[in-house]
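Listed here are the chains, written in short residue letters.
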Amino acid sequence: MNKTNFALIDCNNFYVSCERMFRPDLWQKPVAVLSNNDGCIVARSNELKNLGVVMAAPYFKQKEILDKIGCVIFSSNYTLYNDISNRVMAIIATFFDKIEIYSIDEAFVELPQWSAEEMQEVCMELKNTVWKWLNIPISIGVGPTKTLAKLANEKAKKDGRKDNLYNGYYRVEKNDDLESILATVEIRDVWGIGRKYAKKLTENGIYTAWDFVRADSAWVKKNFSVMGARTQKELTGQTYYGLEEKASRQGIASTRSFGRPVTALKDLMEAVSSYTTIAAQKLRKDGLETNCLSVFLMTNRFKINFVYANLDVKLVQATNSTHVLATEALKLVKKIYKPGLNYAKAGVFLTNLHSQDEVAYSLFESENRDLDKEKRAMTALDTINKKFGRDALKLLSNGIAKPWQMKQTQVSPKITTSWQELMTADS
DNA sequence: TCTGGGGTCCTAGGACCC
DNA sequence: TCTGGGGTCCTAGGACCC
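Just so we're clear, the structure is a prediction, and the values are computed from it rather than from any experiment.

**Q** When you look at the pattern of salt bridges in this model, what are you seeing that I'm missing?
**A** Side-chain pairing between opposite charges can occur once the charged atoms of the two side chains come close. Enumeration according to the criterion identifies 16 salt bridges in this entry. Here K266 ties to D267 by a salt bridge, and the two come within 3.8 Å at their closest N and O atoms. Among the residues examined, D267 registers a relative accessible area of 14% and is labelled buried. Of the charged contacts in the structure, one is a salt bridge between E270 and K266, with a shortest N-O distance of 3.3 Å.

**Q** Sorry if this is basic, but what is going on with the packing of helix 11 (residues 265-285) against helix 12 (residues 322-336) here?
**A** Angle between the axes and distance between the axes: these two values describe a pair of packed helices. Here helix 11 crosses helix 12 at 145°, and the two axes come no closer than 9 Å. Where helix 11 crosses over helix 12, the handedness of that crossing is right-handed. For the pair helix 11 and helix 12, the contacting residues are L265, L268, M269, V272, S273, T276, T277, A280, L283 and R284 in the first and T322, L325, A326, A329, L330, V333 and K334 in the second. Taken together, the residues that form the contact of helix 11 with helix 12 break down as 11 nonpolar, four polar and two charged.

**Q** What am I meant to see in the protein's contact with DNA strand C here?
**A** Around DNA strand C, a shell composed of 13 residues is seen, among which E106, K150, G194, K196 and Y197 lie nearest. The contact atoms of DNA strand C, taken as those within 4 Å of the protein, divide so that sugar and phosphate hold 100%. Residue D105 places a side-chain N or O atom 3.3 Å away from a sugar or linking oxygen belonging to DNA strand C. Within the side chain of E106, an N or O atom sits 2.7 Å from a sugar or linking oxygen of DNA strand C.

**Q** Just checking my understanding: could you explain the sheet that holds strand 12 (residues 308-319) for this structure?
**A** Sheet strands pair by backbone hydrogen bonding; their relative direction is either parallel or antiparallel. If you trace the four strands from one edge of the open sheet to the other, you get 10-13-11-12, paired in antiparallel fashion. Because the sheet does not close on itself, it has two edges, and the strands there are strand 10 (252-262) and strand 12. Here the average twist between neighbouring strands, direction ignored, is 15°. One ladder, built from eight bridges, connects strand 11 (residues 288-299) with strand 12; its direction is antiparallel. Pairing of T290 across the sheet is with T319, part of strand 12. The sheet contacts of helix 11 involve strand 10, strand 11, strand 12 and strand 13 (343-355), and relative to strand 10 the element is tilted by about 155°.

**Q** When you look at the packing of aromatic side chains in this model, what are you seeing that I'm missing?
**A** Each aromatic ring pair is specified by the distance between its two centres and by the angle formed by the two planes. For the structure shown, the criterion picks out 17 aromatic pairs. Here the aromatic cluster, defined as three or more aromatic residues joined through ring pairs, consists of Y102, F108, W191, Y240 and Y241. Positioned over the ring face of F224 is K200, at 4.9 Å from the centre of the ring.

**Q** Sorry, what's going on with the protein's contact with DNA strand B here?
**A** Around DNA strand B sit 24 residues, and of these R230, A253, T255, R256 and S257 come closest. In DNA strand B, the atoms that sit within 4 Å of the protein are 73% sugar and phosphate, with bases accounting for the remainder. Residue A253 places a main-chain N or O atom 2.8 Å away from a phosphate oxygen belonging to DNA strand B. R256 places a polar side-chain atom, nitrogen or oxygen, 2.7 Å from a phosphate oxygen of DNA strand B. At the level of elements, strand 3 (40-44), helix 10 (217-235) and strand 10 are the ones that each hand at least two residues to the surface near DNA strand B.

**Q** Can you help me understand the environment of S45 in this one?
**A** With respect to the helices and strands, the residue S45 is situated in the loop between strand 3 and helix 2 (46-51). Here the alpha-carbon distance between S45 and F14, two residues 31 residues apart in the chain, equals 9.1 Å. Apart from the residues within four sequence positions on either side, S45 is in contact with N13, V16, R20, K29, P30 and V31.

**Q** Would you take a moment to explain a negative patch on the surface for this structure?
**A** Among the surface-exposed residues, E117, E118, E121 and E125 lie close enough to one another that they form a single negatively charged patch. Along the chain, the position of E117 falls in helix 5 (residues 116-134).

**Q** So what exactly am I meant to see when it comes to the nonpolar core here?
**A** Core analysis: the biggest nonpolar cluster contains 38 residues, and I92, L126, I136 and I140 have the highest contact counts within it. Only strand 1 (5-11), helix 1 (14-21), strand 2 (31-34), strand 3, helix 4 (78-95), strand 7 (106-111), helix 5 and strand 8 (138-143) provide two or more residues apiece to this core. Filtering out sequence-adjacent residues up to four positions away, L126 remains in contact with I9, I91, I92, F95, F96, I138 and I140. Among the nonpolar cores identified, the runner-up in size contains 29 residues, and L268, A271, L283 and Y337 belong to it.

**Q** Quick question: what am I supposed to make of the sheet that holds strand 7 here?
**A** Taken in spatial order, the five strands line up as 6-7-1-8-9 in an open sheet, and their pairing is mixed. For this open sheet the edge positions go to strand 6 (99-103) and strand 9 (169-171), each flanked by a neighbour on one side alone. Each strand axis lies, on average, 20° off the axis of its neighbour in the sheet, ignoring direction. As judged from the six bridges shared by strand 1 and strand 7, these two strands associate in the antiparallel manner. For F6, the partnering residue across the bridge sits in strand 7 and is E110. Against the sheet, helix 4 touches strand 1, strand 6 and strand 7, its axis set at about 155° to strand 6.

**Q** Could you clarify how one ought to interpret a nonpolar patch on the surface in this entry?
**A** A cluster of nonpolar residues, L51, I65 and I69, forms a patch on the protein surface that exposes about 220 Å² of accessible area. Inspection of the secondary structure assignment puts I69 in the loop between helix 3 (59-68) and strand 5 (72-75). With relative accessibility at 35%, the residue I69 sits in the partly exposed group.

Conventions used here
- Residues numbered from 1 in each chain as written.
- Chains lettered and ligands numbered in written order.
- Predicted model: local features only at pLDDT ≥ 70, side-chain atom pairs only at ≥ 80, totals over all residues.
- Heavy atoms only, no water.
- Salt bridge = Lys/Arg side-chain N within 4 Å of Asp/Glu carboxyl O.
- Buried < 20%, exposed > 50% of the residue type's maximum accessible area, 1.4 Å probe, protein only.
- Axes fitted to C-alpha atoms, helices over the stretch in contact; angles between N-to-C directions.
- Helix = DSSP H or I, 4+ residues; strand = E, 2+ residues; numbered from the N terminus.
- Left-handed = near helix turned anticlockwise from the far one by under 90°.
- Contact = heavy atoms within 4.5 Å.
- Nonpolar A, V, L, I, M, F, W, Y, C, P; charged D, E, K, R; others polar.
- Near = heavy atom within 4 Å.
- Polar contact = N/O pair within 3.5 Å; in protein donor to acceptor, adjacent residues only side chain to side chain.
- Pairing = 2+ DSSP bridges.
- Phe/Tyr/Trp six-rings, centres within 6.5 Å; stacked < 30°, edge-to-face > 60°.
- Lys NZ or Arg CZ within 6 Å of the ring centre and 35° of its normal.
- Patch = residues over 30% accessible without salt bridge, like charges linked within 9 Å, V, L, I, M, F, W, Y side chains within 5 Å.
- Areas by Shrake-Rupley, 256 points an atom, 1.4 Å probe, with all protein chains shown as cover.
- Lys, Arg positive; Asp, Glu negative; His and termini not counted.
- Charge placed at Lys NZ, Arg CZ, Asp CG, Glu CD.
- Core = buried A, V, L, I, M, F, W, Y, C linked by side-chain atoms within 4.5 Å.

Structure representation (C-alpha cells):
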C-alpha cells in the first residue's frame, strides 16, 4: 500500500509579498506588480483579486480603477524575486529531504509516513518560520497525489483569503469523502485543466472535479489525451506524477519586447547580443553546452502586416561561450533584418543542449580554437559578474545607450542583491 | 498610446528505413 | 497477379503550467 503524501508549498501573491517585505506600510494597501515592459499585471494583492482583476490583465485597461483605490504599482524586479525565492526554498529544504522546485514561488515535497497531526504540525512550523525570517506568507496543501495537493493548496489559500478558515493549511485524505470535497471544486480550477479543456468539459455537462472523476475514462482519454486521463486518475488518489527533484532543460530561451519600436539594425544587434549573454549564462550555470542557436525578430503582433522571421544555425562545435554564441547570433540578425520594419520584439533560443562533460569534441574545430582558454574566460566572467552584479562585465556589443531596453518605470531597489542600492535606499 | 516571458508534454503527419 | 506494415525520427501545432 502506498501511503506517500505530497505537499505543495506556495508563496501567496509572491511578487507582491516580495515588494512588501521592505515596506510594512504596504501591508494593508492594494499592490500590483507589472510584467516586463509594464504591460500586464502579473501579481495582485488580495484587494485586487477580490476586485476581480485577473492575472495578466493589460495594465492600461485597469489603471483607472487601480488609481481610484490607491493601488501601489511596481515594475517587476526579478533579481529581487529570484533572490527571495532561493531563500524560501532553502528554508523548505531544511524541513524536508525531498523537494521539487516547481516554479519561482512553488515547491512540491514528499512527506514521510507521518500521522495527520505530525503533518499539520510540521507544515505549520514551516509556515511560521518562513513568515518570521522573511515576512513571506505561504499556503500549504497536502494530498496523496500532486494533483490533490495542488487542489488542497487552492482551498488553503482561497479560504484563507476570506476568513482564515484553514489558517493556510489544508489536507485531502484518500479515505476522506472525496465527493464532498471535489464537488465543491470547479473543473476550471483543477491543475491540468486549462481554458480550452474547461470549456469543452462544461459543454459536456462536467462542471466540478467530482463530475470529471465520474466521467467515462475512455471518453476522457479520447477527448483530452493522456494528460486528461492522468489528471482524472490523480483526482481519485492514484499516484501518477512523482517528485522530480532535478529539473533538466530541453532548451533555453531569452526573449523580450522592446520599450518602443526599433528600426535600426544596430539597436537590434545590441538587444540580441544582450539576450544571448543571458541565455549563455543560464547555459553555463546548468553545466550545459549547445550547438543549435536560433534568433527571431518580429513586429507588433497586434498590428496588421505582422512580420515574424527567424533563422537558426548549427554549430560544428558545441559551446557555452557568450562570445561564440553572440557572434553567431549577430550574423543571423543581419540576415533576418529588413529595413523599414518597426520591430517590437526579438529573442534567442538555444536547443540541443548537452551536459558539458558529455559533449564530443569535433576533430575539425579543436585545432582552430583554444577551448580551454575560452572556458577559463567564461568562468572568470561569471565569477566577476556574480560578485559585482550581472552586468559588471559584458560584451561591448550589448550596447551602452540601449534605446531598445524595456520600460521599467517603477522598479524597486535591488536591496538584497546590490550593496550600492541598499546604501542609497531610504529606509 | 499601452497587450509578459518563460517553460512542459503530447499528437499527428510526413519522410525514411527495412 | 498481388502494391506491406512496423519502427524511428523529425516537425509543427496545440494544449497545459507559472
